[in-house]
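# Notes for the structure review
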Amino acid sequence: MATVDAYVSETLKMWMPSLLLCLCLIVGSLGLGSPNFVQSKDEESKFFEFKQGNLSVKLSNFGARIVSLSFPDKHGKLADIVLGHDTIEEYMLDRHNLGAIVGRVTSVIEGAEFTMNGTHYKLTPNFGKNTFNGGHMGFNYMAWKVSNLKEKKGQSEVTFTYNSYDGEEGFPGNMSVAVRYTLRPTKLVTEIHAKAENKATPVNIGHHMLWNLGGHNSGKILGHDIQILGSKIVQLVDPVHFIPSGKILPVEGTPYDFLKPQVIGNKIKKAGEGYRNNYVLNGGSGLKLGAILHERKSGRILKLWTTQPTLLFLTSDHMNDTGKGGFHYKPHYACGLDPHGYPDFLHHPNFPSTILTKGQSYKQRTLYEFSVKA
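Note that the structure is predicted; figures quoted are calculated from it, not measured.

## Focus: the overall build of the protein chain
A tally of regular secondary structure across the protein chain gives two helices and 30 strands. The burial tally for the protein chain puts 56% of its 374 residues in the buried class. A fraction of 66% describes how many contacts in the protein chain between residues 6 or more apart in sequence connect residues 24 or more apart. Counting only carbon and sulfur atoms, one obtains 53% of the accessible surface of the protein chain, whose full area is about 15400 Å².

See below:
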């Protein structure tokens, strides 16, 4: 497993049998039968597929993730436009969190520690000396419970739930989490709810999707047009580890300015190895348009709306992995558009905080809208 970080490999070897058992028990207990809902017959991988109109999505309760999303191009040809894997076993060894819900705190926590309400907490370091995307065994490596399956004309719905325990990866307090996916003929809605059950706790739950509107196996995305409705970015003092300086900088006149549609590859060399920046979205705390992605050859357009304050834009600069159908994903073969809160907010008092007090809830919503342009 040369392509997998050692800590991921060894940890997952230990957890794999119990995780597979949990998956079998959860999904095997479901009685499902609907023309728009398909349960995989592969007993070692538990996938669920919904279809509404020309839009179909495949999900897994392992990491509450999106496995595939297919939508036709301007000629009516279907393609799967998100990167991923074919089996649960491959997702267990995945180091890119493909399609997964990430938490309890996504992105980086510098030094794998923080102080909250006078108490110092030590977390699990898994990214150098830092905690990244929830730790060794974050939400993306957990088998979530499946509930609330609803199917009707024009709308499909499923909810995944998980109970994060006090001390998990070093985080304080029990926290309940629910992720609801709702599919409509041209839209996919992701709603994330969490609640601090017995103690105050930090929370910043993300959703890591890697997109290629030409198809997951179509090569580089540098020719995609993108517009990001964020006039500022979070400055990084250590781009390799996503560590912010604490400063918020304007994008105007920089290679990071996508306020008007731009070809992704036009200025990428001026941004170093590529883009890996949190954009502070315009439009306040409600649901607002965060980004528009367009691939000219296929005509596919993705519009992303979110209640989250920032959007992490990635260009997969270090991708070197085998994905669905054995296709080899290489650098710049996809772009990430990940809505979440401010990175490392626990160490920067000027960043908006998402610390939940006992009994307080966290709610975020993201809408993906799909269309084609001739």
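## Observations concerning the pattern of salt bridges
Following the criterion strictly, the structure yields seven salt bridges and no others. For Lys 324, the salt bridge identified is with Asp 80, shortest N-O distance 2.5 Å. With Lys 324 in the loop between strand 26 (321–322) and strand 27 (328–329) and Asp 80 in strand 5 (residues 78–80), this residue pair connects regions lying 244 residues apart in the sequence. Exposure remark for Asp 80: the relative accessible area of 14% places this residue in the buried category. A single salt-bridge network, built from bridges that share partners, covers Arg 180, Glu 191 and Arg 365.

## A closer look at the sheet that holds strand 21 (residues 262–263)
Strand order in the open sheet made by the nine strands is 11-12-13-14-30-24-23-18-21, with antiparallel pairing throughout. At either end of the open sheet lies a strand with only one pairing partner, and these are strand 11 (145–152) and strand 21. When strand 18 (residues 225–228) meets strand 23 (residues 288–294), the two strands line up antiparallel, connected through four bridges. For Ile 228, the partnering residue across the bridge sits in strand 23 and is Ala 291.

## A short note on the packing of aromatic side chains
Taken as a whole and judged by the stated rule, the model has 17 aromatic pairs. Here the aromatic rings of Phe 139 and Trp 144 are separated by 5.9 Å at their centres, their planes lie at 90°, and the arrangement is edge-to-face. In this structure Phe 139 comes out as buried when scored by relative accessible area, which is 1%. One aromatic cluster is present, formed by Phe 71, Trp 211, Tyr 368 and Phe 370 through successive ring pairs.

## With respect to unusual backbone geometry
In this structure, the amide linkage connecting Gly 103 to the following residue, Arg 104, adopts the cis form with an omega of 15°. Tracing the chain through its elements places Arg 104 in the loop between strand 6 (101–102) and strand 7 (108–109). A positive phi is found at Asn 97, a non-glycine position, where the angle reads about 55°. Locating Asn 97 in the fold gives a position in the loop between helix 2 (88–92) and strand 6. Its relative accessible area of 10% is what places Asn 97 among the buried residues. With a phi angle near 55°, Asn 133 is a residue other than glycine that sits in the positive phi range. Among the secondary structure elements, Asn 133 is positioned in the loop between strand 10 (131–132) and strand 11.

## Concerning the pairing of strand 9 (residues 119–122)
Pairing between strand 8 (residues 113–116) and strand 9: four bridges, direction antiparallel. By the bridge assignment, Met 116 is partnered in strand 9 with Thr 119. Linking strand 8 to strand 9, which pair antiparallel, is a turn of two residues; within it Asn 117 sits at a positive phi near 55°.

## Observations concerning the sheet that holds strand 20 (residues 243–250)
With antiparallel pairing, the six strands of this open sheet are ordered in space as 17-28-25-22-19-20. At either end of the open sheet lies a strand with only one pairing partner, and these are strand 17 (210–211) and strand 20.

## Considering the nonpolar core
Soluble globular proteins tend to pack their nonpolar side chains together in the buried interior. Trp 144, Ile 205, Trp 211, Phe 313 and Phe 370 are the most contacted members of the largest nonpolar core, which has 72 residues in total. Those residues in contact with Phe 313, other than ones at most four positions away along the chain, are Ile 226, Ile 228, Phe 258, Ile 264, Tyr 275, Arg 276, Asn 277, Tyr 279, Cys 335, Gly 336 and Leu 337. Counting residues in hydrophobic clusters, the runner-up holds 15 residues, among them Met 116, Tyr 121, Ala 200 and Phe 351.

## What to know about the environment of Gly 206
Along the chain, Gly 206 falls in strand 16 (residues 206–207). On the accessibility criterion, Gly 206 (2% relative accessible area) is buried. In this structure, the C-alpha to C-alpha distance between Gly 206 and Asn 133, residues 73 residues apart in sequence, is 8.5 Å. Here Gly 206 is in contact with Ala 100, Ile 101, Val 102, Thr 106, Pro 339 and His 340, once residues within four sequence places are set aside.

## As for the environment of Ala 194
Along the chain, the position of Ala 194 falls in strand 14 (residues 187–196). Looking at Ala 194, the relative accessible area reads 4%, which means it is buried. Sequence-wise, Ala 194 and Ser 164 are 30 residues apart; in three dimensions their C-alpha atoms are separated by 9.9 Å. If near-sequence neighbours (up to four positions away) are discounted, Ala 194 is found in contact with Met 175, Ser 176, Val 177, Ile 205, Leu 356, Gln 360, Ser 361 and Tyr 362.

## Digging into the pairing of strand 20
Pairing of strand 19 (residues 232–238) with strand 20, which is carried by five bridges, proceeds in the antiparallel orientation. Bridging from a neighbouring strand, Asp 238 pairs with Ile 243 of strand 20. Between strand 19 and strand 20, which follow one another and run antiparallel, lie four residues, and Phe 242 among them has a positive phi close to 60°.

## A closer look at the environment of His 348
Tracing the backbone through its elements, the reader meets His 348 in the loop between strand 28 (335–340) and strand 29 (355–356). The sequence separation of His 348 and Gly 246 amounts to 102 residues, and the corresponding C-alpha distance is 5.9 Å. Non-local contacts of His 348, meaning those with residues more than four positions away in its chain, are made with Pro 244, Ser 245 and Gly 246. Within the structure, the side chain of His 348 is placed 3.4 Å from the backbone oxygen of Pro 244, a separation counted as a polar contact.

Thresholds, definitions, all that
Residues numbered from 1 in each chain as written. Predicted model: local features only at pLDDT ≥ 70, side-chain atom pairs only at ≥ 80, totals over all residues. Heavy atoms only, no water. Helix = DSSP H or I, 4+ residues; strand = E, 2+ residues; numbered from the N terminus. Buried < 20%, exposed > 50% of the residue type's maximum accessible area, 1.4 Å probe, protein only. Contact = heavy atoms within 4.5 Å. Areas by Shrake-Rupley, 256 points an atom, 1.4 Å probe, with all protein chains shown as cover. Salt bridge = Lys/Arg side-chain N within 4 Å of Asp/Glu carboxyl O. Pairing = 2+ DSSP bridges. Phe/Tyr/Trp six-rings, centres within 6.5 Å; stacked < 30°, edge-to-face > 60°. Core = buried A, V, L, I, M, F, W, Y, C linked by side-chain atoms within 4.5 Å. Polar contact = N/O pair within 3.5 Å; in protein donor to acceptor, adjacent residues only side chain to side chain.

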